[in-house]
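Structural overview
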Amino acid sequence: MLKDLFGKRKKYATIPNHQAKTDVPEGLMQKCDGCHKIFYRKEMKKNLNVCPNCGHHHPLLAWDRIECLFDMESFQEWDKDLITSNPLQFPGYDEKMEKDRLKTGLNEGVITGKGFIDGQPAAVAVMDSSFRMGSMGSVIGEKIARAIENAREESLPFIIFAASGGARMQEGVLSLMQMTKTSIAIKRFSDAGGLMISVMTHPTTGGVSASFASLGDYNFAEPGALIGFAGRRIIEQTIREKLPDDFQTAEFQLKHGQLDKVVHRQEMKTLFITLLDMHKEGGEIS
Amino acid sequence: MKQVMEFEKPIVNLKEKIAELKNFTKDSEIDLSEEISTLEKRLSVLEDDIYGNLKPWQRVQMARHQDRPTTLDYIEKLFRNFIEFHGDRLFGDDEAIVAGIAYYKDRPVTVIGHQRGKDTKENIRRNFGMPHPEGYRKALRHMKQAEKFNRPIICFIDTKGAYPGKAAEERGQSEAIARNLMEMAGLKVPIICIVIGEGGSGGALALGVGDHIHMLENSTYSVISPEGAAALLWKDSGLAQKAAETMKITSYDLKQLKVIDNIIPEPKGGAHRDLEQQADYMDHVIEQSLSMLKEYTPEELLEKRWEKYKQIGDFTTL
Ligand SMILES: [Zn+2]
């Protein structure tokens, strides 16, 4: 049966890397994580990995997000070659990183750079949860902080797509300190009048949610995204209480006043274009 | 009676033996002064050996010791006329964080710190020193006030972490922490942070952005507790001891990683053995920090703060 055929597979096969992704026929079909219906992968992809049936937002690779957001060939990547030095000499860390570099074709869990969105310039940082769960270590903190500094120096608006399970354990307290580094960069950027838009995608938790992801002038989220500080299991163990199903979803955060808006992936670009335009002249009172 | 940690048992046993002998000689004619003096010498060597070579896991136990002095203990020793102020003006008052103003020597300062309880009852009131968003927002309110009135800020860090609870999430634990990080970056007054016990993750960091970061010798600062790290990395919280070593969480590790500026020594056997002495060491450091930092203009202060944090982290290029 078709169901059995797909049941054993990973529900969402990983695509090896940016270059190769178009010519690898691996996994012709894809099962929706929301309604469990099966679709042609092509069809799902055309729909930006949003289920045509139930609207479930599946993760989007960082490059795919950049591709659908920026004007053709306008994107310039920054700091592509930064990689971890395994600062704590953590056993097994180098191997894990190498594995994910091969698996994703990325050097780290974030891509930063600048380009044009419908003709309007913007700097961006896009996290990719397929790379070590988007966990934040020194490189991610550094790349994001540099991107914000670049945006400040070039007077560009800054857009960030967060996707992270939290801190990179293998870099210990250095990963914690990236929260500070990025937050100070945002303070400097904000004081200079810069516009920052944050989009929390599934999942945005831990140290990333407790730093730059929450510090946009506008904080958005994709539908259904898991957003929160502490993990559900830890909270349940602490308070000895079962949490409601919708706990820490984007919709839950919106209801509790923690978000400006939950935005469907297909409407994101249009919203950006409007917002960028509205902030273009720095406002006027008359 | 202080709680005895496993690794200091040989010291305690020897001390008891010496006390016994001393007691015995009091009511007898026999002279044991030579034996006692030998044992005391041995004790001194033993103490140096054990306390002078603490393993990371032993320091974790020190940092968590039930008698370890808390923020309010240090406030009482270091400052004059401390007036505690309550509430975040948004939701409530979180007693896991204390905040107020006081005199340090002759100058008014703002003092903020995590506050654990001394016993179960107080711990329940203070939520074991694990703040909710209103705690961080209260702290920020006081920091802004410090900036307005041009007072230096002194923060004491001592928490297992921000509270992982339902209400905390609903009220925006993430945002509260993030906001503090961002706003502390821009405060135009000197900020001195001292880690006095456990510096647990984002919940510690939210009071921890400053110009000088000091750490008591036996305190810890980490992204996750050793138990949490062990469970996450090796699926076995029993490997906490190993995690304490691998994760680099002691004051010496953090100094080397340039996350902190300075280690404040502790009296032999830990801060809880001699609060007076500990406060003296801290007094010296605060005085020094304040006199260094007052030389900077607000602009220089902020620039240096950024420079300092910008450099934390390590990476290479392909
Ligand atoms: Zn579906």
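Residues numbered from 1 in each chain as written. Chains lettered and ligands numbered in written order. Predicted model: local features only at pLDDT ≥ 70, side-chain atom pairs only at ≥ 80, totals over all residues. Heavy atoms only, no water.

**Describing the overall build of chain B**
Counting secondary structure elements, chain B contains 14 helices and nine strands. Since a compact globule built from 318 residues should have a radius of gyration of about 20 Å, the 21 Å found for chain B is in line with a globular shape. When the 318 residues of chain B are sorted by exposure, 55% land in the buried category. Counting contacts in chain B only where the partners sit at least 6 residues apart, residues at least 24 apart contribute 71% of the total. With the model as given, the accessible surface of chain B reaches about 14000 Å², and the carbon-plus-sulfur share is 50%. Put simply, chain B has 45 plus and 51 minus side-chain charges, and the middle of one group is 4 Å from the middle of the other. (Helix = DSSP H or I, 4+ residues; strand = E, 2+ residues; numbered from the N terminus. Rg over C-alpha atoms; globule rule 2.2 N^0.38 Å. Buried < 20%, exposed > 50% of the residue type's maximum accessible area, 1.4 Å probe, protein only. Contact = heavy atoms within 4.5 Å. Areas by Shrake-Rupley, 256 points an atom, 1.4 Å probe, with all protein chains shown as cover. Lys, Arg positive; Asp, Glu negative; His and termini not counted. Charge placed at Lys NZ, Arg CZ, Asp CG, Glu CD.)

**Things to note about a positive patch on the surface**
Together, A:Lys96, A:Lys99, A:Lys103, A:Arg233 and B:Lys235 give the surface a local cluster of positive charge. Note that A:Lys99 resides in helix α4 (residues 93-104). Owing to a relative accessible area of 62%, A:Lys99 belongs among the exposed residues under this scheme. (Patch = residues over 30% accessible without salt bridge, like charges linked within 9 Å, V, L, I, M, F, W, Y side chains within 5 Å. Salt bridge = Lys/Arg side-chain N within 4 Å of Asp/Glu carboxyl O.)

**Focus: empty space enclosed by the protein**
In this approach, a probe sized like a water molecule rolls over the atoms, and the result shows the empty space that is left. Evaluation of the coordinates by the stated rule reveals three cavities of 30 Å³ or more. When its volume is computed, the largest cavity comes out at roughly 130 Å³. (1 Å grid on protein atoms, 1.4 Å probe; cavity = no way out; pocket = protein on both sides within 12 Å on 5 of 7 lines; lining within 4 Å. Points joined across faces, edges and corners; volume = space filled by probe spheres on them.)

**Observations regarding the pairing of strand β5 (residues 110-117) of chain A**
All names here are of chain A. Burial within β5 is extensive, with six of its eight residues counted as buried. Bridge count between strand β3 (residues 76-78) and β5: three bridges; the pairing is antiparallel. The partner of Glu77 across the bridge, within β5, is Gly113. Here β5 runs beside strand β6 (residues 120-127); their pairing, made up of eight bridges, is antiparallel. (Pairing = 2+ DSSP bridges.)

**Regarding the packing of helix α6 (residues 172-191) of chain A against helix α14 (residues 298-310) of chain B**
Between α6(A) and α14(B), whose axes approach to 9 Å, the crossing angle comes to 140°. Considering their axes alone, α6(A) and α14(B) lie oblique with respect to each other. By crossing handedness, the relation of α6(A) to α14(B) is classed as left-handed. Judged by residue contacts, A:Met177, A:Thr180, A:Lys181, A:Ile184, A:Ala185 and A:Arg188 of α6(A) engage B:Glu303, B:Arg305, B:Trp306, B:Tyr309 and B:Lys310 from α14(B). (Axes fitted to C-alpha atoms, helices over the stretch in contact; angles between N-to-C directions. Parallel < 35°, antiparallel > 145°, perpendicular 65-115°, else oblique. Left-handed = near helix turned anticlockwise from the far one by under 90°.)

**As for the UniProt feature "domain: CoA carboxyltransferase C-terminal" (unreviewed entry) in chain B**
Here, UniProt's "domain: CoA carboxyltransferase C-terminal" (unreviewed entry) annotation points to residues 38-292 of chain B. Taken end to end, residues 38-292 of chain B is 45% helix and 19% strand, and its two terminal C-alpha atoms sit 46 Å from one another. (UniProt positions renumbered as here; feature names shortened; annotations may be inferred.)

**Considering the confidence of the model for chain B**
For chain B, mean pLDDT is 95; residues scoring 70 or higher make up 100% of the total. Under the prediction, the complex receives an ipTM of 0.94, its pTM being 0.93. (pLDDT = per-residue confidence, 0-100.)

**Focus: the side chain of B:Ser219**
All names here are of chain B. In this structure, Ser219 sits in the loop between β6 (212-216) and β7 (220-222). At a separation of 3.3 Å, a polar atom in the side chain of Ser219 contacts the main-chain carbonyl oxygen of Val195. Here Leu216 takes part through its backbone oxygen, which lies 2.6 Å from a polar atom of the side chain of Ser219. Here Ser219 is in contact with Ala63, Arg68, Val195, Ile196, Gly197, Ile249, Thr250, Ser251 and Glu266, once residues within four sequence places are set aside. (Polar contact = N/O pair within 3.5 Å; in protein donor to acceptor, adjacent residues only side chain to side chain.)

**What to know about the UniProt feature "binding site: Zn(2+)" (unreviewed entry) in chain A**
Residue and element names in this part refer to chain A. The UniProt record annotates "binding site: Zn(2+)" (unreviewed entry) at Cys32, Cys35, Cys51 and Cys54. Across 23 residues in sequence, these annotated residues keep their C-alpha atoms within 8.6 Å of one another, forming a single compact spot. Cys32 sits in the buried class, given a relative accessible area of 0%. Leave out the neighbours within four places in its chain, and Cys32 touches Lys37, Phe39, Met44, Cys51, Cys54, His56 and His58. With respect to the helices and strands, Cys54 occurs in the loop between α2 (41-46) and α3 (62-69). In contact with Cys54, not counting residues within four places along its chain, are Cys32, Gly34 and Cys35.

**Observations regarding the pattern of salt bridges**
According to the stated counting rule, one finds 44 salt bridges over all chains in the structure shown. A salt bridge links B:Glu183 to A:Lys187; its shortest N-O distance comes to 3.6 Å. Separated into two different chains, B:Glu183 in helix α8 (residues 173-186) and A:Lys187 in helix α6 make up a pair that spans both. Taking the relative accessible area as the measure of exposure, B:Glu183 reaches 12% and is therefore buried.

**Focus on unusual backbone geometry**
Negative phi characterises most residues that are not glycine, and trans characterises most peptide bonds. Put simply, A:His202 and A:Pro203 share a cis peptide bond, and its omega is -10°. You can see A:Pro203 is positioned in strand β8 (residues 196-205). Backbone geometry places A:Glu73, a non-glycine residue, at a positive phi of 55°. With respect to the secondary-structure elements, A:Glu73 resides in the loop between α3 and β3. One non-glycine residue, B:Lys248, lies in positive phi territory at about 55°. Note on placement: B:Lys248 falls in the loop between α11 (240-246) and α12 (251-256).

**A look at the coordination of the zinc ion**
Residue and element names in this part refer to chain A. Around the zinc ion, the donor atoms from the protein are Cys32 (SG), Cys35 (SG), Cys51 (SG) and Cys54 (SG), and they sit 2.3 to 2.4 Å away. Because the angles between the four donor atoms bound to the zinc ion fall within 105 to 114°, the donor set is best described as tetrahedral. One chain supplies every donor to the zinc ion, and in sequence these donors are spaced C-x2-C-x15-C-x2-C. Of this pair, Cys32 sits in the loop between β1 (29-31) and β2 (38-40) while Cys54 sits in the loop between α2 and α3; the two residues are 22 residues apart in sequence, bridging distant segments of the chain. For Cys54, a relative accessible area of 39% translates into the label partly exposed. (Donors = N, O, S within 2.8 Å, 3.2 Å for Na, K, Ca; no water. Tetrahedral: all angles 85-135°; square planar, octahedral: opposite > 155°, others 65-115°.)

**A look at helix α2 (residues 33-51) of chain B**
Residue and element names in this part refer to chain B. In this model, α2 (19 residues) spans 26 Å end to end at C-alpha, consistent with the 27 Å of a helix rising 1.5 Å per residue. Restricting attention to buried positions, one finds in α2 the residues Ile36, Leu39, Leu43, Glu47, Ile50 and Tyr51. Considered in projection along α2, the buried side chains sweep an arc of 80° and stay on one side of the axis. Every exposed residue of α2 that faces more than 90 degrees away from the buried side is listed here: Glu34, Lys41 and Val45. Structurally, α2 contributes buried residues whose contacts are with α1 (9-26) and α3 (56-63). (Expected span 1.5 Å × (residues − 1). Arc of directions from axis to C-beta.)

**Quick word on the packing of helix α4 (residues 71-78) of chain B against helix α13 (residues 275-293) of chain B**
Residues and elements named next belong to chain B. Remark: α4 packs on α13, axes separated minimally by 10 Å, with the N-to-C direction vectors making an angle of 70°. The angle between α4 and α13 falls in the class roughly perpendicular. Judged by residue contacts, Asp73, Tyr74, Lys77 and Leu78 of α4 engage Leu275, Glu276, Gln278, Ala279, Met282, Asp283 and Ile286 from α13. Across the contact of α4 with α13, the residue classes tally to six nonpolar, one polar and four charged. (Nonpolar A, V, L, I, M, F, W, Y, C, P; charged D, E, K, R; others polar.)

**As for helix α6 (residues 133-148) of chain B**
Residues and elements named next belong to chain B. Look at α6: 23 Å from first C-alpha to last across 16 residues, which is about the 22 Å you get at 1.5 Å a residue. Most of α6 is tucked away: 12 of the 16 residues are buried. Listed in full, the buried residues belonging to α6 are Pro133, Glu134, Gly135, Tyr136, Arg137, Lys138, Ala139, Leu140, Arg141, His142, Met143 and Ala146. Elements that come into contact with the buried residues of α6 comprise β2 (97-104), β3 (107-114), β4 (153-159), α7 (166-170), α8 and α9 (201-205). Residue Asn150 follows α6 closely and has a positive phi angle near 60°.

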